[in-house]
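# Overview (structure and organization)
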Amino acid sequence: MSIRLNCLSNMARRLNCNFSQWSSRVFAAEFDSRCDPVYFALSAQTPAADEKQSLLFQKLFSQGKAYSIHAITDDRIQRARSYSDLQDKLVSALPKSCNLLQLIAFHPNVNNSLVKGFFIQDALNNAETENMLKDLVKSEEFHLCTYVSSEDGTLWQQCVWSQRGKECTDVTKHYITVAAKPEYHPSLLNIINTVVFYSFEDAYRVLQECKECIPESKEVLELADQCLKNSTKGRFPVIVIEGLDATGKTTLTQSLQEILRGALLRSPPGCLSQWRARFDAEPPLIRRAFYALGNYISACDIARESAKSPVIVDRYWHSTAAYAIATEVGGALESLPSSHSEVYRWPRDLLTPDLVVLLTVRPEERARRLRARGVEKTREEAELEANNLFRQKVEEAYRRIQDPACVVIDASPSKEEVLSEVLLLIQKHCNL
Ligand SMILES: Nc1ncnc2c1ncn2[C@@H]1O[C@H](COP(=O)(O)OP(=O)(O)OP(=O)(O)O)[C@@H](O)[C@H]1O
Ligand SMILES: Nc1ccn([C@H]2C[C@H](O)[C@@H](COP(=O)(O)O)O2)c(=O)n1
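What you see is a predicted model, and the numbers here were worked out from it, not measured in a lab.

## Section: the layout of surface pockets
Counted as a void, the second largest pocket has a volume near 690 Å³. Around the second largest pocket sit 30 residues that line it, and Thr247, Gly248, Lys249, Thr250 and Thr251 are the ones nearest its centre. Every element with two or more residues in the lining of the second largest pocket is listed here: helix 8 (249–260), helix 9 (273–280), helix 12 (363–372) and helix 14 (415–430). Here the lining of the second largest pocket gets five residues from one element, more than from any other, and that element is helix 8.

## Things to note about the sheet that holds strand 13 (residues 355–360)
One open sheet holds the five strands; their spatial order is 11-12-10-13-14, and the pairing between them is parallel. Looking at which strands have only one partner, the edges of the open sheet turn out to be strand 11 (263–266) and strand 14 (407–410). Sheet twist, expressed as the average angle between the axes of neighbouring strands with direction ignored, equals 25°. Examined bridge by bridge, strand 10 (residues 238–243) and strand 12 (residues 311–314) share four bridges and lie parallel to one another. Looking at the pairing, Val238 lines up with Val311 of strand 12. Strands in contact with helix 8 are strand 10, strand 11, strand 12 and strand 13; relative to strand 12, the strand with the most contacts, it is inclined by about 170°.

## Remarks on the pairing of strand 2 (residues 26–30)
Within strand 2, five of the five residues are buried, leaving the element largely enclosed by the surrounding structure. Here four bridges tie strand 2 to strand 3 (residues 38–43), and the two strands are oriented antiparallel to one another. Among the inter-strand pairings, Val26 is bridged to a residue of strand 3, identified as Ala41. Here strand 2 pairs with strand 5 (residues 98–106) via five bridges, running antiparallel. In the strand pairing of strand 5, Phe27 is matched with Ala105.

## Some thoughts on the nonpolar core
Ranked by internal contacts, the top residues of the largest apolar core, which has 64 residues, are Val196, Val206, Leu293, Tyr316, Trp317 and Ile325. Broken down by element, this core gets its largest block of residues, 13 residues, from helix 10 (residues 284–305). Viewed by domain, this core spans two of them, domain 1 (22–188) and domain 2 (191–430), each represented by three or more residues. In this view, Val196 contacts Ile191, Trp317, Ala321, Ala324 and Ile325; residues no more than four positions away in its chain are not counted.

Each value, and the rule that gives it
- Residues numbered from 1 in each chain as written.
- Chains lettered and ligands numbered in written order.
- Predicted model: local features only at pLDDT ≥ 70, side-chain atom pairs only at ≥ 80, totals over all residues.
- Heavy atoms only, no water.
- 1 Å grid on protein atoms, 1.4 Å probe; cavity = no way out; pocket = protein on both sides within 12 Å on 5 of 7 lines; lining within 4 Å.
- Points joined across faces, edges and corners; volume = space filled by probe spheres on them.
- Helix = DSSP H or I, 4+ residues; strand = E, 2+ residues; numbered from the N terminus.
- Pairing = 2+ DSSP bridges.
- Axes fitted to C-alpha atoms, helices over the stretch in contact; angles between N-to-C directions.
- Contact = heavy atoms within 4.5 Å.
- Buried < 20%, exposed > 50% of the residue type's maximum accessible area, 1.4 Å probe, protein only.
- Core = buried A, V, L, I, M, F, W, Y, C linked by side-chain atoms within 4.5 Å.
- Domains from an automatic or database assignment.

Written out as C-alpha coordinates, the structure is:
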(Lines give C-alpha, C1' and ligand atoms only; values in the text may rest on other atoms or scores of the structure.)
(Ligands and ions follow the chains in the order given, each with its own letter.)
Protein backbone atom coordinates (compact mmCIF):
# COMPACT_ATOMS: atom_id res chain seq x y z
CA MET A 1 0.00 0.00 0.00
CA SER A 2 1.44 3.38 -0.83
CA ILE A 3 0.98 6.72 0.74
CA ARG A 4 1.13 9.99 -1.11
CA LEU A 5 2.18 13.44 -0.06
CA ASN A 6 1.83 16.83 -1.73
CA CYS A 7 4.67 19.30 -1.93
CA LEU A 8 6.28 21.15 0.97
CA SER A 9 7.85 23.83 -1.19
CA ASN A 10 6.29 26.81 0.61
CA MET A 11 7.63 25.59 3.91
CA ALA A 12 11.01 24.91 2.40
CA ARG A 13 11.14 28.43 0.97
CA ARG A 14 10.23 29.81 4.36
CA LEU A 15 13.09 27.87 5.87
CA ASN A 16 15.47 29.29 3.29
CA CYS A 17 16.12 25.96 1.70
CA ASN A 18 14.98 24.58 -1.59
CA PHE A 19 12.43 21.84 -1.87
CA SER A 20 14.96 19.15 -2.68
CA GLN A 21 16.58 19.80 0.71
CA TRP A 22 13.25 19.58 2.50
CA SER A 23 12.14 16.50 0.65
CA SER A 24 15.36 14.73 1.58
CA ARG A 25 14.46 15.05 5.24
CA VAL A 26 13.37 12.06 7.26
CA PHE A 27 10.36 12.41 9.56
CA ALA A 28 10.03 10.68 12.91
CA ALA A 29 6.65 10.37 14.63
CA GLU A 30 6.85 9.38 18.30
CA PHE A 31 4.00 7.19 19.53
CA ASP A 32 5.50 6.24 22.87
CA SER A 33 8.49 7.94 24.48
CA ARG A 34 9.85 4.52 25.52
CA CYS A 35 9.95 3.13 21.96
CA ASP A 36 11.59 3.98 18.65
CA PRO A 37 9.67 6.53 16.58
CA VAL A 38 8.08 5.63 13.24
CA TYR A 39 10.35 6.92 10.45
CA PHE A 40 9.04 8.05 7.05
CA ALA A 41 10.24 10.13 4.10
CA LEU A 42 8.91 11.83 0.98
CA SER A 43 9.38 10.39 -2.46
CA ALA A 44 8.36 11.18 -6.02
CA GLN A 45 8.38 7.43 -6.77
CA THR A 46 5.54 5.05 -5.96
CA PRO A 47 6.80 3.00 -3.02
CA ALA A 48 6.83 -0.78 -3.13
CA ALA A 49 3.54 -2.18 -1.83
CA ASP A 50 5.19 -4.40 0.76
CA GLU A 51 4.53 -5.28 4.37
CA LYS A 52 6.66 -2.47 5.84
CA GLN A 53 4.84 0.12 3.76
CA SER A 54 1.50 -1.32 4.76
CA LEU A 55 2.46 -1.17 8.46
CA LEU A 56 3.53 2.46 8.08
CA PHE A 57 0.21 3.28 6.49
CA GLN A 58 -1.72 1.61 9.30
CA LYS A 59 0.30 3.30 12.03
CA LEU A 60 0.08 6.79 10.61
CA PHE A 61 -3.11 6.97 8.64
CA SER A 62 -5.28 3.93 9.28
CA GLN A 63 -8.45 5.93 9.67
CA GLY A 64 -9.82 9.45 9.55
CA LYS A 65 -7.41 12.20 8.70
CA ALA A 66 -3.95 13.25 9.82
CA TYR A 67 -2.09 16.56 9.98
CA SER A 68 1.41 17.77 10.59
CA ILE A 69 2.27 21.19 11.92
CA HIS A 70 5.62 22.92 12.49
CA ALA A 71 6.64 26.30 13.83
CA ILE A 72 8.67 28.02 11.11
CA THR A 73 10.96 30.95 11.77
CA ASP A 74 14.70 31.43 11.45
CA ASP A 75 14.90 32.97 14.93
CA ARG A 76 15.85 30.10 17.29
CA ILE A 77 14.34 31.76 20.38
CA GLN A 78 11.05 32.43 18.66
CA ARG A 79 11.05 28.92 17.14
CA ALA A 80 11.59 27.28 20.55
CA ARG A 81 8.90 29.41 22.22
CA SER A 82 6.43 28.93 19.34
CA TYR A 83 6.86 25.18 19.61
CA SER A 84 6.03 25.25 23.33
CA ASP A 85 3.06 27.56 22.78
CA LEU A 86 1.85 25.37 19.96
CA GLN A 87 1.98 22.31 22.20
CA ASP A 88 -0.08 24.10 24.87
CA LYS A 89 -2.63 25.27 22.31
CA LEU A 90 -2.96 21.84 20.71
CA VAL A 91 -3.31 20.06 24.04
CA SER A 92 -6.06 22.42 25.17
CA ALA A 93 -7.93 22.98 21.88
CA LEU A 94 -7.85 19.70 19.95
CA PRO A 95 -11.01 17.60 20.08
CA LYS A 96 -10.73 14.57 22.37
CA SER A 97 -10.92 12.25 19.35
CA CYS A 98 -7.44 13.40 18.26
CA ASN A 99 -4.13 11.78 19.02
CA LEU A 100 -1.23 14.21 19.36
CA LEU A 101 2.29 12.93 18.57
CA GLN A 102 5.67 14.61 18.44
CA LEU A 103 6.92 14.84 14.85
CA ILE A 104 10.47 15.78 14.01
CA ALA A 105 11.99 16.34 10.57
CA PHE A 106 15.75 16.04 10.08
CA HIS A 107 18.57 15.35 7.63
CA PRO A 108 20.26 12.15 8.82
CA ASN A 109 23.77 12.89 10.17
CA VAL A 110 23.44 16.67 9.67
CA ASN A 111 23.83 18.58 12.93
CA ASN A 112 21.21 21.21 13.72
CA SER A 113 18.96 20.05 10.88
CA LEU A 114 16.15 19.03 13.22
CA VAL A 115 12.79 20.83 13.04
CA LYS A 116 10.25 20.02 15.77
CA GLY A 117 6.54 19.75 15.17
CA PHE A 118 3.46 17.64 15.81
CA PHE A 119 1.55 14.91 14.02
CA ILE A 120 -2.18 14.87 14.71
CA GLN A 121 -4.38 11.85 14.04
CA ASP A 122 -8.07 12.56 13.89
CA ALA A 123 -9.85 9.22 13.74
CA LEU A 124 -13.28 10.89 13.42
CA ASN A 125 -12.22 13.28 10.65
CA ASN A 126 -13.71 16.11 12.64
CA ALA A 127 -14.25 19.42 10.76
CA GLU A 128 -13.56 21.22 14.03
CA THR A 129 -9.97 19.89 14.02
CA GLU A 130 -9.17 21.25 10.60
CA ASN A 131 -10.75 24.63 11.33
CA MET A 132 -8.84 24.97 14.55
CA LEU A 133 -5.54 24.10 12.86
CA LYS A 134 -6.17 26.48 9.96
CA ASP A 135 -6.91 29.25 12.45
CA LEU A 136 -3.56 28.61 14.11
CA VAL A 137 -1.75 28.89 10.80
CA LYS A 138 -3.50 32.16 9.99
CA SER A 139 -2.18 34.00 12.98
CA GLU A 140 1.19 32.43 13.62
CA GLU A 141 4.35 31.27 11.90
CA PHE A 142 3.20 27.69 11.53
CA HIS A 143 3.17 25.42 8.57
CA LEU A 144 0.32 22.93 8.23
CA CYS A 145 -0.02 19.81 6.09
CA THR A 146 -2.93 17.42 5.84
CA TYR A 147 -2.70 13.76 5.02
CA VAL A 148 -5.75 12.31 3.31
CA SER A 149 -6.52 9.23 1.23
CA SER A 150 -6.46 9.61 -2.53
CA GLU A 151 -9.36 8.78 -4.84
CA ASP A 152 -8.71 5.05 -4.97
CA GLY A 153 -8.88 4.85 -1.20
CA THR A 154 -5.40 3.47 -0.77
CA LEU A 155 -3.12 6.43 -1.42
CA TRP A 156 -2.72 9.38 0.89
CA GLN A 157 -1.75 12.85 -0.12
CA GLN A 158 -0.80 16.02 1.64
CA CYS A 159 -2.21 19.50 1.09
CA VAL A 160 -0.20 22.39 2.45
CA TRP A 161 -1.18 25.68 3.97
CA SER A 162 1.65 28.11 4.16
CA GLN A 163 2.00 30.50 7.06
CA ARG A 164 -0.53 33.24 7.59
CA GLY A 165 -3.36 31.46 5.86
CA LYS A 166 -2.08 31.45 2.29
CA GLU A 167 -3.05 28.21 0.67
CA CYS A 168 -0.38 26.31 -1.16
CA THR A 169 -0.66 26.60 -4.92
CA ASP A 170 2.12 24.18 -5.77
CA VAL A 171 0.51 20.77 -6.02
CA THR A 172 3.46 18.55 -6.88
CA LYS A 173 2.71 15.21 -5.24
CA HIS A 174 5.02 13.10 -3.20
CA TYR A 175 4.54 9.71 -1.72
CA ILE A 176 5.23 8.87 1.88
CA THR A 177 7.58 5.94 2.17
CA VAL A 178 9.17 3.95 4.93
CA ALA A 179 12.54 5.41 5.99
CA ALA A 180 15.35 3.45 7.60
CA LYS A 181 15.96 3.91 11.31
CA PRO A 182 19.00 6.24 11.57
CA GLU A 183 22.17 5.07 13.29
CA TYR A 184 21.65 7.61 16.10
CA HIS A 185 18.45 8.93 17.64
CA PRO A 186 17.68 12.12 15.64
CA SER A 187 17.41 14.25 18.79
CA LEU A 188 21.21 13.93 19.09
CA LEU A 189 21.57 16.17 16.03
CA ASN A 190 20.46 19.23 17.98
CA ILE A 191 21.90 18.68 21.45
CA ILE A 192 25.09 20.75 21.30
CA ASN A 193 24.38 24.44 21.84
CA THR A 194 20.66 23.81 21.92
CA VAL A 195 20.30 21.99 25.24
CA VAL A 196 23.88 21.52 26.42
CA PHE A 197 26.31 24.44 26.27
CA TYR A 198 30.07 23.97 26.36
CA SER A 199 31.24 27.54 26.87
CA PHE A 200 30.23 30.65 28.76
CA GLU A 201 29.75 32.55 25.48
CA ASP A 202 27.37 29.99 23.99
CA ALA A 203 25.05 30.05 27.01
CA TYR A 204 25.37 33.82 27.38
CA ARG A 205 24.39 34.38 23.72
CA VAL A 206 21.07 32.57 24.21
CA LEU A 207 20.06 34.86 27.08
CA GLN A 208 21.21 37.88 25.12
CA GLU A 209 18.84 36.86 22.32
CA CYS A 210 16.03 36.61 24.91
CA LYS A 211 16.38 40.13 26.29
CA GLU A 212 13.34 41.45 24.47
CA CYS A 213 10.92 38.60 25.13
CA ILE A 214 12.18 37.74 28.67
CA PRO A 215 13.24 40.97 30.41
CA GLU A 216 14.58 38.98 33.41
CA SER A 217 17.40 37.80 31.11
CA LYS A 218 19.04 41.21 31.46
CA GLU A 219 19.44 40.77 35.21
CA VAL A 220 20.86 37.27 34.81
CA LEU A 221 23.29 38.59 32.19
CA GLU A 222 24.38 41.39 34.53
CA LEU A 223 25.24 38.80 37.19
CA ALA A 224 27.08 36.73 34.59
CA ASP A 225 29.01 39.84 33.48
CA GLN A 226 30.28 40.27 37.00
CA CYS A 227 31.76 36.79 37.19
CA LEU A 228 35.25 36.07 35.95
CA LYS A 229 34.98 33.93 32.86
CA ASN A 230 37.97 31.77 33.70
CA SER A 231 37.64 31.35 37.46
CA THR A 232 40.75 29.71 38.83
CA LYS A 233 40.45 27.27 41.68
CA GLY A 234 42.19 28.05 44.97
CA ARG A 235 44.51 25.68 46.87
CA PHE A 236 41.72 23.89 48.79
CA PRO A 237 39.79 20.97 47.30
CA VAL A 238 36.45 21.38 45.57
CA ILE A 239 34.05 18.45 46.06
CA VAL A 240 30.80 18.23 44.09
CA ILE A 241 27.92 16.04 45.27
CA GLU A 242 25.53 14.94 42.52
CA GLY A 243 22.49 12.68 42.33
CA LEU A 244 18.80 12.48 41.58
CA ASP A 245 16.30 14.02 43.99
CA ALA A 246 16.08 12.45 47.47
CA THR A 247 19.41 10.66 47.14
CA GLY A 248 20.73 12.54 50.19
CA LYS A 249 22.71 15.45 48.67
CA THR A 250 21.49 18.07 51.16
CA THR A 251 22.07 15.76 54.14
CA LEU A 252 25.56 14.80 53.00
CA THR A 253 26.73 18.26 51.89
CA GLN A 254 25.72 19.74 55.27
CA SER A 255 27.64 17.05 57.16
CA LEU A 256 30.69 17.50 54.93
CA GLN A 257 30.62 21.26 55.44
CA GLU A 258 30.70 20.79 59.21
CA ILE A 259 33.36 18.09 59.29
CA LEU A 260 35.67 19.72 56.72
CA ARG A 261 34.95 23.22 58.00
CA GLY A 262 34.33 24.15 54.43
CA ALA A 263 32.08 26.42 52.38
CA LEU A 264 28.80 24.99 51.10
CA LEU A 265 27.73 26.27 47.68
CA ARG A 266 25.18 25.15 45.15
CA SER A 267 24.40 25.53 41.49
CA PRO A 268 22.31 27.36 40.48
CA PRO A 269 23.57 29.85 43.08
CA GLY A 270 21.25 31.62 45.52
CA CYS A 271 21.50 34.89 43.57
CA LEU A 272 19.56 33.23 40.70
CA SER A 273 16.80 31.72 42.87
CA GLN A 274 14.32 34.50 42.20
CA TRP A 275 14.41 33.81 38.44
CA ARG A 276 14.55 30.02 38.50
CA ALA A 277 10.79 29.42 38.21
CA ARG A 278 10.63 31.97 35.39
CA PHE A 279 13.27 30.14 33.35
CA ASP A 280 11.93 26.69 34.28
CA ALA A 281 8.76 27.68 32.42
CA GLU A 282 10.72 28.35 29.21
CA PRO A 283 11.60 25.82 26.46
CA PRO A 284 14.80 23.74 26.83
CA LEU A 285 17.01 26.09 24.77
CA ILE A 286 16.41 28.94 27.22
CA ARG A 287 16.00 26.92 30.43
CA ARG A 288 19.25 25.01 29.89
CA ALA A 289 21.20 28.15 28.97
CA PHE A 290 20.04 29.65 32.28
CA TYR A 291 21.33 26.62 34.25
CA ALA A 292 24.57 26.63 32.25
CA LEU A 293 25.20 30.28 33.16
CA GLY A 294 24.34 29.38 36.76
CA ASN A 295 27.33 27.01 36.79
CA TYR A 296 29.67 29.79 35.63
CA ILE A 297 28.32 32.13 38.30
CA SER A 298 28.78 29.38 40.93
CA ALA A 299 32.30 28.83 39.59
CA CYS A 300 33.21 32.38 40.61
CA ASP A 301 32.06 31.68 44.18
CA ILE A 302 33.90 28.35 44.15
CA ALA A 303 37.11 30.04 42.98
CA ARG A 304 36.87 32.66 45.71
CA GLU A 305 35.97 30.24 48.53
CA SER A 306 38.49 27.56 47.57
CA ALA A 307 41.26 30.03 48.28
CA LYS A 308 40.12 29.98 51.93
CA SER A 309 38.75 26.51 52.72
CA PRO A 310 37.52 23.25 51.16
CA VAL A 311 34.37 23.78 49.10
CA ILE A 312 31.39 21.44 48.94
CA VAL A 313 29.04 21.99 45.99
CA ASP A 314 25.46 20.68 45.82
CA ARG A 315 24.91 19.99 42.07
CA TYR A 316 27.06 21.46 39.27
CA TRP A 317 27.78 20.76 35.61
CA HIS A 318 27.00 17.00 35.77
CA SER A 319 23.40 17.82 36.75
CA THR A 320 23.01 20.43 34.02
CA ALA A 321 24.24 18.12 31.28
CA ALA A 322 22.71 14.84 32.51
CA TYR A 323 19.17 16.22 32.93
CA ALA A 324 19.37 18.07 29.61
CA ILE A 325 20.56 15.04 27.65
CA ALA A 326 18.10 12.64 29.31
CA THR A 327 15.16 14.97 28.70
CA GLU A 328 16.04 15.70 25.11
CA VAL A 329 16.79 12.17 23.94
CA GLY A 330 13.53 10.33 23.43
CA GLY A 331 13.12 6.56 23.38
CA ALA A 332 14.71 3.85 25.47
CA LEU A 333 17.92 3.93 27.53
CA GLU A 334 19.79 2.66 24.48
CA SER A 335 18.94 5.89 22.62
CA LEU A 336 21.37 7.86 24.79
CA PRO A 337 24.52 8.96 22.97
CA SER A 338 27.20 6.28 23.31
CA SER A 339 29.74 6.59 26.14
CA HIS A 340 32.46 8.15 23.98
CA SER A 341 30.16 10.82 22.49
CA GLU A 342 31.39 14.41 22.62
CA VAL A 343 28.19 15.43 24.42
CA TYR A 344 29.68 14.06 27.66
CA ARG A 345 32.75 16.31 27.57
CA TRP A 346 33.40 18.96 30.23
CA PRO A 347 33.13 22.65 29.09
CA ARG A 348 36.61 23.90 28.33
CA ASP A 349 36.20 27.16 30.29
CA LEU A 350 34.41 25.92 33.42
CA LEU A 351 36.27 25.48 36.74
CA THR A 352 36.97 21.76 37.25
CA PRO A 353 36.32 20.24 40.69
CA ASP A 354 38.75 17.81 42.35
CA LEU A 355 36.09 15.20 43.05
CA VAL A 356 32.53 14.57 41.84
CA VAL A 357 30.54 12.04 43.87
CA LEU A 358 27.35 10.62 42.39
CA LEU A 359 24.90 9.35 45.02
CA THR A 360 22.69 6.52 43.81
CA VAL A 361 19.86 5.00 45.81
CA ARG A 362 17.87 1.81 45.23
CA PRO A 363 14.33 2.65 43.98
CA GLU A 364 12.64 1.10 47.10
CA GLU A 365 14.84 3.14 49.43
CA ARG A 366 14.19 6.30 47.46
CA ALA A 367 10.43 5.64 47.68
CA ARG A 368 10.77 5.15 51.45
CA ARG A 369 12.62 8.48 51.79
CA LEU A 370 10.02 10.31 49.72
CA ARG A 371 7.29 8.86 51.92
CA ALA A 372 9.18 9.96 55.02
CA ARG A 373 9.39 13.43 53.49
CA GLY A 374 5.61 13.43 53.33
CA VAL A 375 4.94 12.76 49.64
CA GLU A 376 1.57 11.10 49.31
CA LYS A 377 1.98 7.39 48.58
CA THR A 378 -0.24 7.07 45.54
CA ARG A 379 1.18 10.17 43.88
CA GLU A 380 4.70 9.05 44.61
CA GLU A 381 4.09 5.60 43.12
CA ALA A 382 2.54 7.08 40.01
CA GLU A 383 5.49 9.43 39.66
CA LEU A 384 7.99 6.62 40.16
CA GLU A 385 6.33 4.52 37.53
CA ALA A 386 6.11 7.34 34.99
CA ASN A 387 9.62 8.57 35.62
CA ASN A 388 11.48 5.32 36.03
CA LEU A 389 12.92 5.38 32.51
CA PHE A 390 13.75 9.07 32.78
CA ARG A 391 15.57 8.51 36.07
CA GLN A 392 17.58 5.66 34.56
CA LYS A 393 18.55 7.90 31.66
CA VAL A 394 19.62 10.78 33.92
CA GLU A 395 21.71 8.43 36.06
CA GLU A 396 23.32 6.81 33.03
CA ALA A 397 24.14 10.24 31.55
CA TYR A 398 25.72 11.22 34.90
CA ARG A 399 27.93 8.14 34.74
CA ARG A 400 29.07 8.89 31.18
CA ILE A 401 30.25 12.47 31.70
CA GLN A 402 34.05 12.65 31.56
CA ASP A 403 36.98 14.77 32.75
CA PRO A 404 36.08 14.67 35.57
CA ALA A 405 34.01 11.50 35.68
CA CYS A 406 31.96 11.02 38.84
CA VAL A 407 32.73 8.44 41.49
CA VAL A 408 29.51 6.50 42.05
CA ILE A 409 28.57 5.46 45.54
CA ASP A 410 25.56 3.54 46.80
CA ALA A 411 23.84 6.01 49.15
CA SER A 412 21.18 3.52 50.29
CA PRO A 413 22.93 2.68 53.61
CA SER A 414 22.58 4.87 56.71
CA LYS A 415 23.59 8.57 56.72
CA GLU A 416 26.64 7.74 58.87
CA GLU A 417 27.82 4.98 56.54
CA VAL A 418 27.41 7.16 53.45
CA LEU A 419 29.28 10.00 55.13
CA SER A 420 32.25 7.83 56.13
CA GLU A 421 32.48 6.32 52.66
CA VAL A 422 32.56 9.78 51.08
CA LEU A 423 35.15 11.00 53.64
CA LEU A 424 37.37 8.08 52.62
CA LEU A 425 36.97 9.06 48.98
CA ILE A 426 37.87 12.65 49.76
CA GLN A 427 41.01 11.52 51.62
CA LYS A 428 42.02 9.43 48.66
CA HIS A 429 41.31 11.98 45.92
CA CYS A 430 42.00 15.29 47.61
CA ASN A 431 44.85 14.68 50.08
CA LEU A 432 42.73 15.79 53.02
N1 LIG B 1 21.65 7.79 54.05
C2 LIG B 1 20.38 8.06 54.34
N3 LIG B 1 19.59 7.13 54.91
C4 LIG B 1 18.30 7.38 55.19
N5 LIG B 1 17.68 8.54 54.93
C6 LIG B 1 18.40 9.50 54.35
C7 LIG B 1 19.78 9.33 54.01
N8 LIG B 1 20.23 10.46 53.44
C9 LIG B 1 19.17 11.30 53.40
N10 LIG B 1 18.09 10.73 53.95
C11 LIG B 1 16.74 11.33 54.06
O12 LIG B 1 16.17 11.28 52.74
C13 LIG B 1 15.45 12.48 52.47
C14 LIG B 1 16.08 13.15 51.24
O15 LIG B 1 17.39 13.58 51.57
P16 LIG B 1 17.99 14.94 51.07
O17 LIG B 1 17.00 16.05 51.22
O18 LIG B 1 19.32 15.09 51.70
O19 LIG B 1 18.13 14.56 49.51
P20 LIG B 1 18.45 15.51 48.27
O21 LIG B 1 19.24 14.67 47.35
O22 LIG B 1 19.06 16.78 48.73
O23 LIG B 1 17.01 15.77 47.69
P24 LIG B 1 16.49 16.92 46.68
O25 LIG B 1 17.46 16.94 45.54
O26 LIG B 1 15.15 16.43 46.30
O27 LIG B 1 16.50 18.19 47.48
C28 LIG B 1 15.52 13.33 53.73
O29 LIG B 1 14.37 13.11 54.48
C30 LIG B 1 16.76 12.78 54.47
O31 LIG B 1 16.66 12.93 55.87
N1 LIG C 1 23.45 22.74 38.30
C2 LIG C 1 22.17 22.40 38.01
C3 LIG C 1 21.23 22.17 38.99
C4 LIG C 1 19.96 21.82 38.66
N5 LIG C 1 19.62 21.69 37.35
C6 LIG C 1 18.25 21.29 36.98
C7 LIG C 1 18.13 19.83 36.64
C8 LIG C 1 16.77 19.47 37.15
O9 LIG C 1 15.80 19.82 36.17
C10 LIG C 1 16.56 20.35 38.35
C11 LIG C 1 16.97 19.65 39.61
O12 LIG C 1 17.19 20.55 40.64
P13 LIG C 1 16.50 20.39 42.10
O14 LIG C 1 15.03 20.25 41.83
O15 LIG C 1 17.06 19.19 42.73
O16 LIG C 1 16.85 21.64 42.82
O17 LIG C 1 17.37 21.50 38.07
C18 LIG C 1 20.56 21.93 36.38
O19 LIG C 1 20.25 21.81 35.17
N20 LIG C 1 21.83 22.27 36.72
